[in-house]
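Survey of secondary and tertiary structure
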Amino acid sequence: MFDLVIENGIINYGQTYGCFYIQLLKTLQVTASEVLPLGIEIGIKDGKISCLGTSLPRDADTQIIDAKGGFITPGGVDSHVHFAQNNSPTGDNFTTGSRSAIAGGTTTVLAFASQLKTETSVIPCLDNYLLRAKDQTYCDYGIHLILTNPTPEIMSTEMPLLINRGITSVKLYMTYEPMKLGDSQLLDVLMSARALGFTTMIHAENSDIISLITDRLEAAGHTDPFFHAISRPQIAENEATYRIISLAELTDTPILIVHMSSEVAMKHVRKAQTRMLPIHAETCPQYLFLLSERLKGNPQDTFAGAKCVCSPPLRHDPKDLEAMWRGIANGTFTTFSSDHAPSTYDHAGGKKLGLKDGIMRYRDIPNGVPGVETRLPLLFSYAGREKDSRLSLQRFVQLTSSDPAKLYGLEGTKGNIAPGYDADLVIWYGEEDLREGVTIEQKNLHHGVDYTPYEGMHVKNWPRFTLLRGKTVWDRDGGGIVGDVTDGQFLKRGMGKIVVGKTGGEVNGMLPGERDYWY
Ligand code: DUC
Ligand code: ZN
Ligand code: ZN
Ligand code: ZN
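The protein appears in an unreviewed UniProt entry as dihydropyrimidinase from Lachnellula subtilissima. Comment text from UniProt for the protein, heading Sequence similarities (unreviewed entry), reads "Belongs to the metallo-dependent hydrolases superfamily. Hydantoinase/dihydropyrimidinase family."

Turning our attention to the UniProt feature "modified residue: N6-carboxylysine" (unreviewed entry) in the protein. UniProt's entry tags Lys-171 with the feature "modified residue: N6-carboxylysine" (unreviewed entry), counted in the numbering of this structure. Assessed through its relative accessible area of 1%, Lys-171 is described here as buried. Among all residues touching Lys-171, those that are not within four sequence positions of it are His-80, Phe-112, Leu-145, Ile-146, Leu-147, Met-201, His-203, Val-258 and His-259.

This next bit is on the packing of helix 9 (residues 263-274) against helix 11 (residues 318-330). The relative placement of two packed helices is expressed as an angle between their axes plus a distance between the axes. At a closest axis distance of 9 Å, the pairing of helix 9 and helix 11 adopts a crossing angle of 25°. The orientation of helix 9 relative to helix 11 falls into the category roughly parallel. The crossing of helix 9 and helix 11 is left-handed. Of helix 11, the residues touching helix 9 (which contributes Glu-263, Met-266 and Arg-270) are Ala-323, Met-324, Arg-326, Gly-327 and Asn-330. The residue makeup of the contact of helix 9 with helix 11, split by class, is three nonpolar, two polar and three charged.

Another aspect to go through is the packing of helix 4 (residues 152-164) against helix 5 (residues 183-196). Across the interface, helix 4 lies against helix 5 with an axial gap of 11 Å and an inter-helix angle of 40°. The angle between the axes of helix 4 and helix 5 places the two elements in the oblique class. Handedness of the helix 4/helix 5 crossing: right-handed. Only Val-189, Ser-192 and Leu-196 of helix 5 make contact with helix 4, whose side of the interface consists of Met-155, Met-159, Pro-160 and Ile-163. For the contact of helix 4 with helix 5, a count of residues per class yields six nonpolar, one polar and no charged.

A few words on the site of ligand 1. Taken together, the neighbourhood of ligand 1 is formed by His-80, His-82, Lys-171, Tyr-176, His-203, His-259, Ser-311, Asp-339, Ala-341 and Asn-367. Within the side chain of His-82, one N or O atom sits 3.1 Å away from a nitrogen atom of ligand 1. Between ligand 1 and Tyr-176, the relevant distance is 2.5 Å, taken from an oxygen atom to a side-chain nitrogen or oxygen of the residue.

What follows deals with the UniProt feature "domain: Amidohydrolase-related" (unreviewed entry) in the protein. The residues that UniProt annotates with the feature "domain: Amidohydrolase-related" (unreviewed entry) are residues 71-473. Within residues 71-473, the helical portion is 33% and the strand portion 17%, while the C-alpha atoms at the span's ends are 18 Å from each other.

Further remarks concern the coordination of the zinc ion (ligand 2). Around the zinc ion (ligand 2), the protein supplies Lys-171 (NZ), His-203 (ND1) and His-259 (NE2) as donor atoms, at distances of 2.1 to 2.4 Å. If you list the donors of the zinc ion (ligand 2) from N- to C-terminus, the spacing comes out as K-x31-H-x55-H. The distance between the zinc ion (ligand 2) and the zinc ion (ligand 3) comes to 4.3 Å. Placement of the pair is Lys-171 in strand 10 (residues 169-173) and His-203 in strand 11 (residues 199-203), with a sequence separation of 32 residues. The pair formed by Lys-171 and His-203 is uniform in burial state, with each residue classed as buried.

The sheet built from eight strands is open, its strands ordered 7-8-9-10-11-12-13-14 with parallel pairing. Sheet topology places strand 7 (76-81) and strand 14 (335-336) at the edges, where each strand pairs with a single neighbour. In this sheet, strand 14 lies alongside strand 13 (residues 279-283) in parallel orientation, the contact comprising two bridges. Note that in strand 14 the partner of Thr-283 across the bridge is Phe-336. Those strands touched by helix 3 (residues 123-133) are strand 8 (106-114) and strand 9 (140-146), and its axis lies near 145° from that of strand 8.

At 1.9 to 2.1 Å from the zinc ion (ligand 3) lie its protein donor atoms, namely His-80 (NE2), His-82 (NE2) and Asp-339 (OD). Along the chain, the residues that donate to the zinc ion (ligand 3) are spaced as H-x1-H-x256-D.

With 18 residues, helix 8 (residues 234-251) should cover 26 Å at 1.5 Å per step; its first-to-last C-alpha distance of 26 Å lies within 8% of that length. Considered for burial, the residues of helix 8 that qualify are Ala-236, Glu-237, Asn-238, Ala-240, Thr-241, Ile-244, Ile-245, Leu-247, Ala-248, Glu-249 and Thr-251. Taken together, the buried residues of helix 8 touch helix 5, strand 11, helix 6 (207-219), strand 12 (255-257), helix 9 and strand 13. Phi turns positive one or two residues past the end of helix 8, at Asp-252, with a value near 60°.

Attention now moves to the packing of aromatic side chains. Within the structure shown, the criterion is met by 15 aromatic pairs. Between Phe-226 and Phe-227, the ring centres sit 5.8 Å apart and the planes meet at 75°, which makes this aromatic pair edge-to-face. Phe-227 matches Phe-226 in its accessibility class, with the two residues each being buried. Measuring from ring centre to ring centre gives 5.6 Å for Trp-518 and Tyr-519, while their planes differ by 85°; the resulting arrangement is edge-to-face. By relative accessible area, Trp-518 is classed as partly exposed at 40%. Taking the relative accessible area as the measure of exposure, Tyr-519 reaches 40% and is therefore partly exposed.

Mapped onto the elements of the fold, Arg-315 is located in the loop between helix 10 (286-289) and helix 11. In terms of polar contacts, Arg-315 uses its side chain to reach the side chain of Glu-237, at 2.9 Å. Among the polar contacts made by the side chain of Arg-315, one reaches the side chain of Ser-261 at a distance of 3.0 Å. Setting aside anything within four residues of it in sequence, one finds Arg-315 in contact with Arg-232, Pro-233, Gln-234, Glu-237, Ser-261, Leu-291, Ser-292 and Asp-320.

Formed by 106 residues in total, the largest nonpolar core has its most connected members in Leu-147, Met-159, Ile-244, Ile-257, Ile-279, Ile-328 and Phe-396. Ile-279 has contacts with Ile-245, Ala-248, Ile-255, Ile-257, Val-269, Ala-272, Gln-273 and Val-500, leaving out every residue within four places of it along the chain. Ile-6, Leu-36, Ile-42 and Ile-65 belong to the second largest nonpolar core, which has 19 residues in total.

Parameters at a glance
Residues numbered from 1 in each chain as written. Chains lettered and ligands numbered in written order. Predicted model: local features only at pLDDT ≥ 70, side-chain atom pairs only at ≥ 80, totals over all residues. Heavy atoms only, no water. UniProt positions renumbered as here; feature names shortened; annotations may be inferred. Buried < 20%, exposed > 50% of the residue type's maximum accessible area, 1.4 Å probe, protein only. Contact = heavy atoms within 4.5 Å. Axes fitted to C-alpha atoms, helices over the stretch in contact; angles between N-to-C directions. Helix = DSSP H or I, 4+ residues; strand = E, 2+ residues; numbered from the N terminus. Parallel < 35°, antiparallel > 145°, perpendicular 65-115°, else oblique. Left-handed = near helix turned anticlockwise from the far one by under 90°. Nonpolar A, V, L, I, M, F, W, Y, C, P; charged D, E, K, R; others polar. Near = heavy atom within 4 Å. Polar contact = N/O pair within 3.5 Å; in protein donor to acceptor, adjacent residues only side chain to side chain. Donors = N, O, S within 2.8 Å, 3.2 Å for Na, K, Ca; no water. Pairing = 2+ DSSP bridges. Expected span 1.5 Å × (residues − 1). Phe/Tyr/Trp six-rings, centres within 6.5 Å; stacked < 30°, edge-to-face > 60°. Core = buried A, V, L, I, M, F, W, Y, C linked by side-chain atoms within 4.5 Å.

Encoded structure:
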């Protein structure tokens, strides 16, 4: 018998139909669509989805949740969050960050452990970050490793050990002095990642372009937050994006370019994808909704622009936002992540770091905005079939849950509403129950920082319930956060799967087989 049955929901699992569903749909005589019809129930046993069907049996011990005609989507997988990072002491830790995650429907986060350039082993660093999360996390979590000093020893001896520990992805930076790798280091890591099967995430901006402009802006006295956007023009992102795609093509390595904000850079990705190269890309809420004018602050607080300092920076033109929306809808982006990386604003040690003796200096402002809680509601507002929709419900689920799960080695466990998967679910409000939608306000959010860049923005819906492995952890009308801070489990991930393109293709501009001489 089931522990829990969810009834009266519209299930949106976001997958192309597997055999199971074709059978089911035939029996029910429903034509294929992106959602299962009202009337299909979800049966949950031991934290897993056990069955989907009509009139599922229940006994006195079976808990029932009435979804009241609301959509049901897989729990969000936010594959890019920064919790408890050394370089943001006033940012979120695993407790506050994951609390915010479940309140916004996200049940899995992938956070970062960041190697220091001085560290010649990554093992103590990883152990340290795992300790920061253990028994202090409301949702399930995995760890990516930021490699800043990829020594031959680390690459040959330690990386294989990480795979056994369920850490199967790395992030590399092409900018920031303390983190960046040069092209030869990038090539070395890509070669190793290819051999080991790691998923490689890349922060693509040209470091020298940014340094040149920053120095010249500083000399001219242009140091307030708006100039953060001037110092990192789109061409810096475009160049680095094209360069890393070329290095990935040469080495035949699947990559994901994180937090993309520029149309030309996105077109480089798109072009690579049409050649079947395994080039994945991510964008984030800030690049769909916010413009650089936000960096100018307001008359009451001219430093308020600091709240929106992130990298790549917010772009200038509504057309830039439109371009990212196109990539969301047309499949160029594989993941839609928050890049939740805020620092507290109104605090001497937080974003105000950039304000000293009345002088604003954008280069001292910690980078990053909050977004782990608002990510799903913001995008869900534009998903569906209404006139103002910008993506299908199926794309919504792919971008926010099922594709990040595949790319980062969680397929079979996370990101789908199907038998055998963890019962991680979001139950949204039905039409009758939340007609007026929700206005985003800092006072209603659950992160540990003191602002949201989306203050006052209206969304159509919000998660009514969030379930983590069958347990209700968020009940918006019945106590809010009802999960425990020890609910979250470390996810030992398998190898990621290529979602876009394939390896083994020919290299542009090389003779067929030319790579065989050296690869
Ligand atoms: N890169 C990130 O991934 N997050 C915050 C800032 C940055 O540059
Ligand atoms: Zn980055
Ligand atoms: Zn980030
Ligand atoms: Zn203080």
